2 protein chains.
Amino acid sequence: MDKIKYQETKEEILKQWIDEFGLHSYQYAIKIQKFPKGKRLFSSLCEGVICVLEGSLRALSVAESGKELTLFALGVGEVCVLSSACMIKGMDLDVSLEAVQTSDVAILPSKIAAQITDNTFHNQISLIINQRLMQVLKTLNQTAFVPLSERVREFLNLPQQEIRITHEEIANHFGSTREAISRILKEMEKNGEISLHRGKIIRHI
Amino acid sequence: MDKIKYQETKEEILKQWIDEFGLHSYQYAIKIQKFPKGKRLFSSLCEGVICVLEGSLRALSVAESGKELTLFALGVGEVCVLSSACMIKGMDLDVSLEAVQTSDVAILPSKIAAQITDNTFHNQISLIINQRLMQVLKTLNQTAFVPLSERVREFLNLPQQEIRITHEEIANHFGSTREAISRILKEMEKNGEISLHRGKIIRHI
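Position numbers for residues start from 1 in each chain and track the written sequence from start to end. All chains are assigned letters beginning at A, and all ligands numbers beginning at 1, according to the order in which they are written. It should be noted that, the model being predicted, local features are given only for residues of pLDDT at least 70 and side-chain atom pairs only at 80 or more, the latter also being counted only at that level, while totals for whole chains, interfaces and linings use all residues.

A. View of the overall build of chain A. The helix count covers DSSP runs of H or I at least four residues long, the strand count covers runs of E at least two residues long, and both are numbered beginning at the N terminus. Counting its secondary structure elements, chain A contains 6 helices and 10 strands. For chain A, the C-alpha atoms occupy an extent of roughly 60 × 45 × 25 Å along the three principal directions. Exposure is read from a count of other C-beta atoms within 10 Å of each residue's own; the residue is exposed at 12 or fewer, buried at 20 or more and partly exposed in between. C-beta atoms are placed from the backbone. Relative to its full complement of 205 residues, chain A shows a buried share of 33%. Sequence-distant contacts, at least 24 apart, represent 72% of the contacts inside chain A between residues at least 6 apart. Any two residues are considered in contact once their C-beta atoms, placed from the backbone, lie within 7 Å.

B. Spatial organisation of the sheet that holds strand E5 (residues 79-80) of chain A. Residues and elements named next belong to chain A. In this description, strands pair whenever DSSP reports at least two bridges between them. The antiparallel open sheet is built from 4 strands, whose spatial order is E1-E7-E2-E5. Strands at the two margins of the open sheet, each flanked by one partner only, are strand E1 (31-35) and E5. Here 5 bridges tie E1 to strand E7 (residues 103-109), and the two strands are oriented antiparallel to one another. Bridge pairing in E7 places Ile32 opposite Ala106.

C. Spotlight on the nonpolar core. By our criterion, buried Ala, Val, Leu, Ile, Met, Phe, Trp, Tyr and Cys residues that link up through C-beta atoms within 7 Å make up a nonpolar core. Membership of the largest hydrophobic core comes to 94 residues, with the highest contact counts inside it found for A:Leu133, A:Val136, B:Leu133 and B:Val136. Setting aside anything within four residues of it in sequence, one finds A:Leu133 in contact with B:Ile129, B:Arg132, B:Leu133 and B:Val136.

D. Representation of the relation of the copies chain A and chain B within the structure. Superposition of the copies was done by least squares, using only C-alpha atoms of residues whose pLDDT is at least 70 in both. Laying chain A over chain B is done by rotating through 180° and shifting 0.0 Å along the axis; what remains is an RMSD of 0.0 Å. These values place the two chain copies in the arrangement generated by a two-fold rotation axis.

E. Highlighting the pairing of strand E9 (residues 194-197) of chain A. Residues and elements named next belong to chain A. Pairing between E9 and strand E10 (residues 200-203): 4 bridges, direction antiparallel. Pairing of His197 across the sheet is with Lys200, part of E10. Between E9 and E10, which pair antiparallel and follow one another directly, the connecting turn spans 2 residues, one of which, Gly199, has a positive phi of 75°.

F. Just the confidence of the model for chain A, in detail. Residue and element names in this part refer to chain A. Along the chain, pLDDT gives the predictor's confidence residue by residue, from 0 to 100. In the predicted model, chain A carries a mean pLDDT of 89, and the fraction of residues at 70 or more is 96%. Within chain A, E1 carries the highest mean pLDDT (96), whereas helix H1 (residues 3-20) carries the lowest (80). Across the interface, the model reports ipTM at 0.82; the global pTM reads 0.84.

G. Broad picture of the domain arrangement of chain A. Residues and elements named next belong to chain A. The domains assigned to chain A are domain 1 (3-145) and domain 2 (148-203). Just the C-alpha atoms count here: the centres of domain 1 and domain 2 sit 28 Å apart. Each side of the interface is counted separately: domain 1 has 5 residues, and domain 2 has 5 residues. Among the elements that line the side of domain 1 that touches domain 2, the one with the most residues is strand E4 (residues 68-74), at 3 residues. Considering only residue class, the side of domain 1 that touches domain 2 consists of 1 nonpolar, 2 polar and 2 charged. Throughout the structure description, domain borders are defined by an automatic or database domain assignment. Residues are sorted three ways: Asp, Glu, Lys and Arg are charged, Ala, Val, Leu, Ile, Met, Phe, Trp, Tyr, Cys and Pro are nonpolar, and all the rest, Gly among them, are polar.

H. Up close: the environment of A:Cys80. Residue and element names in this part refer to chain A. Within the secondary structure, Cys80 sits in strand E5. Taking the C-beta count within 10 Å as the criterion, Cys80 has 21 such neighbours and is therefore assigned buried. Residues in contact with Cys80, not counting those within four places in the same chain, are Ile50, Ala59, Leu74 and Leu97.

As structure tokens, then:
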């Protein structure tokens, strides 16, 4: 993708968000911020409603033990309201957002979002919360019912042959430990499915 | 509780629901149905918005393997919209409702609910979906981060000394197997925490 097309695309996504959520009168308040890979986006869940313009994020839950679990992923054009949970009635969460890749994010500050009375906006917010409930239910079903080894196998079932990821990162995706993941990966290597290298996994397709 | 008080209470709960959700013009359509213990409420998720008047329900997820997992519990006065998921935009779930005890449930049919344009109603529905998202996130965190033995121990930490429940029922609460639960309970019996009997568990407080 050349530079100009790349910029057009981000602007198009922003425009689409503004159209869909009826944000024309509030575009002055939308700020765009870049987050490097691995960065946690905000320290509180009061920042604002966000839309991913470039890159990808994950919503994650962190246990007291430090274990992490990916709740759902957010790709380009996806909107997340959890980062403005403070403005949502009945919402009191302990969820973080993290940049999976270097990402550009459009942010509509919670203070502004809270002033919007337009139905288009509120209907879209409701729609997104409904979708999140479904995604979290799906993750819960997977966590409860599907053995970890099977989930790891599915997770690694990607188009590319070489996957740059550490055992720790996979563990943090599933709320598991590095040890448990390493055991599963070694078993997969023994079966000839993959080979393990420092910081990367080669799939034998 | 004597019979008259009991009936007053159910009526009061119904009245409260009608007030809170602005259902005065739709009360003619609300039907009350009794479900015996263990009964699955509806075969589809299109029945209607429900309110528990007496007893208790659980929302559960069922895996292909037949394993079950309780998503959240619904006590007296609690409202559930998952049973009218078909009328909620973006909602496509695979969730069942089951009577934990013999329960009386007020049902506002989906067809009627879909006609309501009043904001009071829609705000309450949104509020409930937000709360469900939080509850499901909590269940997910527990499932991912808390060892099963610890979850079973907490589950049995009830006010009464004698708990009438089977190992199978505990397994169905946690999306686990009877064998895994029996192993944990036997360990707890060995530690002198409980003693196991047919269909019941005695806690040594």
